[in-house]
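# Structural overview
So the chains spell out like this:
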Amino acid sequence: MKKELKFKVNGQPYDIFVEPKKLLVEVLRDLVGLTGTKRGCNSSSCGACTVMLNGMSVKSCSVLALQANGTEVVTVEGLAKGNQLSPLQKAFLDHGAYQCGFCTPGMLMSSTALLTENPKPTKQQIKEGIDGNICRCTGYNSIIRAVTAVVKGEYKEAK
Amino acid sequence: MSNYSVIGHRVHNVDGTEKVTGSGKYTFDVVLPNMLYGKILRSPYPHAKILKINTSKAKRLVGVKAVVTGKDTLGHKQGIWRRFPELCDEEILCRAKVRYIGDAVAAVAAIDEDTAEEALDLIEVEYEPLPAVFDPMDAIKEDAPQIHEGVELNININRHIEWGDVDEAFEKCDHIREDKFKCSSQAHVCMETHDAVASFGHNGKLEAWTSSQSSYYIQRLYADMLDMSESDIRVHNRHTGGGFGSKFELDSAQFCAAILSQKLCRPVKIVLSREEEFTATKRRTPMYYFLKLGAKKDGTLLAKEVRVITEGGAYTAMGATALYLTGFFSSFPYKYPNYRYDGYRVYTNTAITSAMRGFGAPQSTFVGESQLDMMADDLGIDPIEIRRKNGMTPNYEVPGQAFIQSCGLHQCLDKIEEHVKKRGKLPPNHGIGVSAYGFMSGGIFNWFNTPYAFSAAVVRINIDGKVDLYTGACDIGQGSNTTLSMICAEELGVKLEDVRIFSGDTGICPPDLGAWGSRETLMNGNAVKRAAADCKRQLLEFAAAKMGANIVYDLDIKDRWVHLVDRPERGVSYFDIVKEAIRGKDGVAIMGRGHYTPHRKGMISPAYSFGVQAAEVEVDPETGRYKLVNVTTAHESGTVINPVGIEGQLEGAIMMAGGYGFCEDQPMDEGKILNPSIADYKLIRSLDMPETDILEIDTYEPEGPFGAKEAGEGLTNPTAGAIGNAVYKAVGVRIYDLPITPEKVLKALKEKEKQTKKAKKQGV
C-alpha cells in the first residue's frame with residue numbers, strides 16, 4: 001500500500017504517495033522527475049546516486065524514500081542559484097573534473113556535503129570525502145584539484 | 001605555442017554545463033510515452049542445450065505485455081567481423097544452446113521493472129547441461145567439449161605475424177630469455193550500464209536510443225539481425241556514461257528491447273543491472289603469454305618470438321582484433337629486426353572477451369616491458385638505456401606491417417630519465433619502474449565491411465554565421481564533441497562558441513565508425529577539418545570577389561575576421577561575408593563535406609603515439625601490500641588540440657591501467673564470475689590514486705588534423721608493466737601474472753627468503 005511522503009527537494013515541497021519499498025533514488029528520478037541523480041549499482045557502492053539529506057551526503061539507493069519523510073533533500077539540480085553555477089560546479093568545469101559525466105552529480109554532491117561540513121578540508125580529507133564515489137574516467141585528481149580551488153577561495157558563491 | 005586561436009587552448013567541454021548541472025540526458029534518463037520496461041532471463045549454466053522454454057505463466061502475470069525467446073528472432077548471428085560470416089556466431093537470444101553463464105534465453109516487457117523482474121521467475125527453461133570448459137589451455141585439448149559446432153580444438157581464430165629470420169637470429173644472440181606470463185581479465189565498469197530504448201512504429205521503422213560508442217555499427221548490426229534496411233533504423237546517441245571498448249557491438253539490452261518493441265509497437269527500455277554488466281557483457285581478454293627474447297651483450301635486441309593463447313569466452317566479438325593487435329603491439333615500441341608471433345583465440349564457456357581500452361596492448365606491454373627489464377638486468381644494462389638503444393624513431397618501417405612517421409619516444413625516454421634522476425636515492429622499499437609504449441590512431445582494417453568512408457562530417461553555416469557540425473562520431477566522455485568542435489572552429493576561423501555539434505545520430509549525421517581504436521581525433525578530425533575547409537573555400541570565393549584580392553588563396557579567416565594573409569588588418573567581418581554569400585547563393589546555406597579513409601598507410605594505423613611511464617611504489621615487505629606513490633608519464637600525441645582533454649585521458653588511464661596492474665580481477669569458479677558487484681570488484685578509488693605528473697612532448701604528425709594523433713587508449717598500456725617493474729626494484733620479486741596483488745608479492749617474498757636461506761646454508 002502506498003504511503004504519504006512529505007519532503008522538500010531543492011527547496012520545493014512535495015506531498016506524494018509512494019510504495020514503501022521504493023528507494024529515494026527511484027522517487028527522485030521517476031516521481032519528482034529529477035534525472036540528474038544517477039544510479040550506477042543499486043548497492044551503495046558507486047556513489048552515482050549521492051544526494052544531500054538534511055545537509056549530509058547519502059547514497060539515495062540505500063535510503064527508502066519514506067525515510068526521507070519530513071527531510072530536505074538537495075540534488076545536483078539544486079546546486080545552481082538561478083543561472084549561476086555553484087563554486088564547485090564552476091571549478092569542475094574549469095578543471096575538466098568530469099568526462100562522461102555519469103558520476104558527476106554524485107561527485108558534486110559528495111564534495112558539496114564535504115565543504116558544508118568542513119569548509120577547509122586538507123587534500124587527504126578531500127580524498128576521503130569522495131572515496132565513496134567511483135569515477136571510471138578522470139582518475140579523481142582533476143576532481144581533487146577542483147575542490148581544492150574552491151577551498152582556496154578561487155570561486156565565489158553567487159549572491 | 002603556435003598562433004592557433006582555438007586549438008591548444010584550455011576550454012570547457014562543449015557539453016560541460018549539462019554535465020555539471022545534471023541536465024544532460026543519457027539513455028538511462030530517456031522516457032517515452034507509452035514506454036514499457038524490459039528484463040532479460042539468462043542462463044545459469046555455462047554450457048547447456050535448451051530443451052524447452054515455457055513462457056505461459058510469465059505471460060499471464062498482470063502487467064506483462066510480451067515475452068520473447070530465441071524463437072521470436074530470425075536466428076541470425078551477429079558478429080562485428082562482418083566480412084567473415086564464420087566469425088559471426090552470437091545469436092544474442094539463444095535458440096538451441098547456451099555457451100556461458102549469462103547467455104540470454106528470454107526477455108520480458110512489462111509496465112514496470114519490478115513486474116518484468118517478477119515475470120522472469122515464472123519462465124520455465126528446461127536445460128540439458130553439457131560438459132563445459134573454462135580455461136583455454138584445457139579447451140584446446142583433443143577431448144575437450146566442443147563449444148561451437150565444427151570448430152576443432154575450440155580454436156576460434158589464429159593470427160600469425162612474422163618478419164626477418166627469427167630462428168637464425170636467435171643463433172646469433174649472446175643471451176636469450178624465455179618467460180611465461182598470464183594476463184588477467186578486466187571489466188570496463190562504465191558508470192552507465194548498457195541500456196537501450198527501442199521504439200518500433202507501426203510503419204515498421206525502428207528508432208533507438210542507446211549508450212554506445214558507434215551509432216553506425218549499432219544501426220548496421222540491427223539491420224543484420226532484424227533483416228531491415230539500414231535507413232529504416234535511426235540510432236541516437238547523446239550522452240554516454242562511458243564505453244572503454246564495451247559498447248560498440250550489438251548487446252542484449254539493445255537487441256532484446258528491439259525484438260520486444262517490434263512485437264508490441266511500443267517503446268521498450270532495458271537497463272542492465274550492475275550484476276548483468278559484470279557477467280553478461282564483454283570484458284578484457286585474458287591471455288597466456290610465452291615469450292622468447294634474444295639480445296647481444298650490448299643490449300641490442302635481435303629477435304623476439306611470441307606465442308599467445310587467449311581465453312575467448314563463448315563468442316568471437318572483437319576478440320579477433322584483440323588477438324591481432326596484441327601480436328602487433330608485442331613488437332612495440334622497439335625495432336626488432338626479426339619477429340614472430342602466433343596467437344590463438346580459444347572458445348571457452350566463460351563470459352565473452354573482447355575489446356577494452358588498449359585492445360590487447362596493455363597485455364603485450366605488461367609482459368614485454370617486464371621481460372625487457374629482466375633482460376636489462378641479466379645484461380647489466382640500465383632499463384632506460386636498453387629502451388633507448390632499441391626504441392623506434394621517426395620514419396621507421398615495421399617490416400611489412402606499418403610505417404611510423406612521427407615518433408617522440410626518445411624525447412620521452414630523456415624526460416623520464418631526468419625524472420628518475422631527480423627523485424635521487426629512494427627511501428627503503430620504494431622502487432621506480434619504467435615502461436615504454438605506443439599505440440595506434442585508429443585502425444585501417446575493414447573487417448566490418450563498411451562501404452562508407454571511415455569518417456565523415458558535414459558543416460553548415462547559417463545566416464547568423466553560426467556553424468552546425470554533423471558527425472557520426474560518438475562522444476562517450478572522452479570529449480570528442482569538444483575536440484571536433486575545436487578543429488572545426490580553428491579551420492573555419494570562428495570561435496568555439498560559434499560551433500554547435502550534432503553527433504552520433506544516424507538520422508542526421510554521416511556515418512562514422514565510432515569511438516574505438518583511438519580513432520576519432522585523427523580520422524574524424526580530418527573529416528571535420530576537410531568539411532570546414534570546404535565551407536571556408538566557398539566563403540573566401542565571395543570574399544575574394546568583394547575584396548579584389550589576386551587569388552582566393554591570399555585570403556584567410558581567423559577569429560571571425562576575413563582578411564588578406566599578408567595584410568591581416570585589411571579584411572571584413574566573417575558575419576557580413578556569410579550573409580552576402582548565402583544571399584549570393586540564392587539563399588542556400590553554406591555547406592561543406594569532409595571524408596577520411598586512410599590510404600597507403602600499412603596494415604594497422606595511419607599514425608602512432610608514444611610514451612614512457614615511471615611508476616613509483618612503496619612496498620610493505622611484512623604484508624606484501626604496496627602503495628602507488630606516483631605515476632609520471634612522458635607522452636606525445638602530436639599537436640595537442642584539447643589540453644584539458646589530454647590531461648583527463650592521461651590521469652584517467654592511470655586509474656584504469658593502474659587498476660589492471662594493482663587490483664582489478666574477475667575470479668571465476670566453473671565459469672561463474674565470483675565478484676559481480678562494485679563492492680567486490682576492487683577499483684582504484686580516490687584514496688588509492690597516486691600522484692600523476694605529465695610531461696608533454698611536442699611532436700607533429702603529418703597525417704593528423706593540425707598534426708594531432710591518438711591520446712586515448714595508448715595511455716592504458718604502460719602502467720601494469722611499470723608497477724611490476726617498480727615492485728621488483730623495491731623488493732626484488734617479479735610477479736608474472738596480473739593483477740599484482742599483495743598476496744602474490746608476499747608469497748614471492750617468502751619464496752625469495754627461503755631461497756636466500758637455502759643458498760646461505762649451502763654456503764653460496
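Here the structure is a predicted model, which is why all the values come from computation and not from measurement. (Residues numbered from 1 in each chain as written. Chains lettered and ligands numbered in written order. Predicted model: local features only at pLDDT ≥ 70, side-chain atom pairs only at ≥ 80, totals over all residues.)

## Section: the overall build of chain B
Operational definition: For helices the rule is a DSSP run of H or I covering at least 4 residues; for strands it is a run of E covering at least 2, with both sets numbered from the N terminus onward. Values of the radius of gyration come from C-alpha atoms, whereas the globule rule sets the reference at 2.2 Å times the count of residues to the power 0.38. With C-beta atoms placed from the backbone, a contact is any residue pair whose C-beta atoms sit within 7 Å.
Scanning chain B from terminus to terminus reveals 18 helices and 32 strands. Relative to a compact globule of 764 residues, whose C-alpha radius of gyration would be 27 Å, chain B shows 27 Å and is just as compact. Across its three principal axes, chain B shows a C-alpha extent of roughly 95 × 75 × 50 Å. Counting only contacts in chain B whose residues sit at least 6 apart along the sequence, the fraction spanning at least 24 positions is 80%.

## Some thoughts on the packing of helix H16 (residues 643-662) of chain B against helix H17 (residues 719-731) of chain B
Residues and elements named next belong to chain B. To keep things clear, this is the line we draw: Simply put, an axis is a line fit to the C-alpha atoms, just over the touching stretch for a helix, and the angle between two N-to-C directions goes from 0 to 180 degrees. In this scheme, roughly parallel covers angles under 35 degrees and roughly antiparallel covers those over 145, while 65 to 115 is roughly perpendicular and the rest are oblique. Crossings are classed by handedness, with left-handed meaning an anticlockwise turn of the near helix from the far one by less than a right angle and right-handed meaning a clockwise turn.
For the pair H16 and H17, the least separation of the axes is 7 Å and the interaxial angle reads 50°. By the angle class used here, H16 and H17 are oblique. At the point where H16 passes H17, the crossing takes the right-handed sense. Where H16 approaches H17, its residues Ile 654, Ala 657, Gly 658, Tyr 660, Gly 661 and Phe 662 are matched on the opposing element by Thr 719, Ala 720, Ile 723 and Gly 724.

## Examining the packing of helix H14 (residues 520-547) of chain B against helix H15 (residues 574-584) of chain B
Residue and element names in this part refer to chain B. Condition: Residues are grouped as follows: nonpolar covers Ala, Val, Leu, Ile, Met, Phe, Trp, Tyr, Cys and Pro; charged covers Asp, Glu, Lys and Arg; every other residue, Gly included, is treated as polar.
Their axes nearest at 9 Å, the elements H14 and H15 cross at an angle of 95°. Between H14 and H15, the interaxial angle falls into the category roughly perpendicular. On H15, the residues that touch Gln 538, Leu 539, Phe 542 and Ala 543 of H14 are Ile 577, Val 578, Glu 580, Ala 581 and Gly 584. Here the contact of H14 with H15 is built from residues that sort into 6 nonpolar, 2 polar and 1 charged.

## Regarding the interface of chain B and chain A
Facing the 42 residues of chain B at the interface are 39 residues of chain A. Put simply, the parts of the chain that give the side of chain B that touches chain A at least two residues each are helix H1 (16-21) and H16 of chain B. In terms of residue count, H16 of chain B provides more of the side of chain B that touches chain A than any other element does, 8 residues in total. Residue composition of the side of chain B that touches chain A, grouped by class: 16 nonpolar, 19 polar and 7 charged.

## Observations regarding the sheet that holds strand E1 (residues 36-42) of chain B
All names here are of chain B. Applicable threshold: Strands pair, by our definition, only if DSSP identifies at least two bridges between them.
Here 7 strands make up an open sheet; going across it, the order is E3-E5-E1-E12-E9-E10-E11 and the pairing mixed. Each having just a single partner strand, strand E3 (64-69) and strand E11 (233-236) make up the two edges of the open sheet. When the angles between neighbouring strand axes are averaged without regard to direction, this sheet yields 20°. In the packing of helix H6 (residues 215-226) onto the sheet, the strands contacted are strand E10 (206-210) and E11, and the crossing angle to E11 comes to about 150°. In this fold helix H7 (residues 252-264) packs onto E1, E3, strand E5 (104-110), strand E9 (195-200), E10 and strand E12 (268-271), with an angle of close to 25° to the strand it touches most, E9.

## Here we look at the domain arrangement of chain A
Residues and elements named next belong to chain A. For the record, the criterion: Note that the domain bounds were set by an automatic or database domain assignment.
Domain annotation of chain A identifies domain 1 (3-78) and domain 2 (87-151). Placing a centre on the C-alpha atoms of domain 1 and another on those of domain 2 gives a separation of 21 Å. Of the residues lining the interface, 15 residues belong to domain 1; the matching set on domain 2 comes to 13 residues. Those elements giving two or more residues to the side of domain 1 that touches domain 2 turn out to be strand E3 (50-53) and strand E4 (56-59). It is E3 that provides the largest number of residues to the side of domain 1 that touches domain 2, a total of 3 residues.

## Thoughts on the pairing of strand E28 (residues 608-619) of chain B
All names here are of chain B. Threshold: Backbone-placed C-beta atoms define the burial measure: a residue is buried with 20 or more other C-beta atoms within 10 Å of its own, exposed with 12 or fewer, and partly exposed in between.
Burial of E28 is extensive: 11 of the 12 residues sit out of reach of the surface. Here strand E20 (residues 430-440) runs beside E28; their pairing, made up of 11 bridges, is antiparallel. Counterpart to Gly 431 in the pairing with E28 is Val 617. Two elements, E28 and strand E29 (residues 626-636), share 10 bridges in a ladder whose sense is antiparallel. Directly across from Val 619, in E29, lies its bridge partner Tyr 626. Taking the residues between adjacent antiparallel strands as the criterion, E28 and E29 are bridged by 6 residues, where Gly 624 takes a positive phi near 80°.

## Quick notes on the sheet that holds E3 of chain A
Residues and elements named next belong to chain A. The strand order across the open sheet formed by 5 strands is E2-E1-E5-E3-E4, and the pairing between neighbours is mixed. Of all the strands in the sheet, just strand E2 (12-18) and E4 have a single pairing partner and so form its edges. Across the sheet, the mean angle from the axis of one strand to that of its neighbour is 40°, orientation sign disregarded. Sheet topology places E3 next to strand E5 (residues 72-74); 2 bridges connect them, and they run antiparallel. Each bridged residue has a counterpart across the sheet, and for Met 52 the counterpart in E5 is Val 74.

## What to know about helix H12 (residues 409-423) of chain B
Think of an α-helix as 3.6 residues a turn; residues three or four steps apart then line up on the same face. Residues and elements named next belong to chain B. Definition in use: What a helix should span is 1.5 Å times the count of its residues minus one.
For H12, built from 15 residues, the straight-helix expectation of 21 Å at 1.5 Å per residue is met to within 8% by its first-to-last C-alpha distance of 21 Å. Residues of H12 that are buried include every one of Leu 409, Cys 412, Leu 413, Lys 415, Ile 416, Glu 417 and His 419, and no others. Close packing links the buried residues of H12 with helix H11 (383-390), E20, E28, E29 and strand E32 (691-696).

## Focus on the nonpolar core
Nonpolar side chains in soluble globular proteins tend to end up buried together. Worth spelling out the cut-off: For this analysis, nonpolar core means a set of buried Ala, Val, Leu, Ile, Met, Phe, Trp, Tyr and Cys residues linked through C-beta atoms within 7 Å.
Formed by 292 residues in total, the largest nonpolar core has its most connected members in Ala 107, Cys 256, Cys 488 and Val 727 of chain B. Setting aside residues up to four positions removed in sequence, Cys 256 of chain B forms contacts with Gly 38, Ile 40, Leu 93, Ala 104, Ala 107 and Ile 270 of chain B.

## Some thoughts on helix H5 (residues 141-151) of chain A
Most of H5 of chain A sits inside the fold, with 8 of its 11 residues counted as buried. Looking at the buried residues of H5 of chain A, the elements they touch are helix H2 (87-94), helix H3 (104-117) and helix H4 (123-129) of chain A together with H16 and E32 of chain B. Once H5 of chain A finishes, Gly 153 of chain A follows within two positions and takes phi at roughly 80°, a positive value.

## As for unusual backbone geometry
Residues and elements named next belong to chain B. For the peptide bond that leads from Phe 332 to Pro 333, omega is -15°, which places it in the cis range. Residue Pro 739 is bonded to the preceding Leu 738 through a cis peptide linkage, with omega at -10°. Within the secondary structure, Pro 739 sits in the loop between H17 and helix H18 (742-761). With a phi angle near 50°, Ala 317 is a residue other than glycine that sits in the positive phi range. Along the chain, Ala 317 turns up in the loop between strand E15 (301-313) and helix H9 (319-329). Accessibility expressed as a C-beta count within 10 Å gives 27 for Ala 317, which makes it buried. Within the chain, Phe 359 stands out as a residue other than glycine whose phi angle is a positive 55°. Residue classification places Phe 359 among the buried residues on the basis of 28 C-beta atoms within 10 Å.

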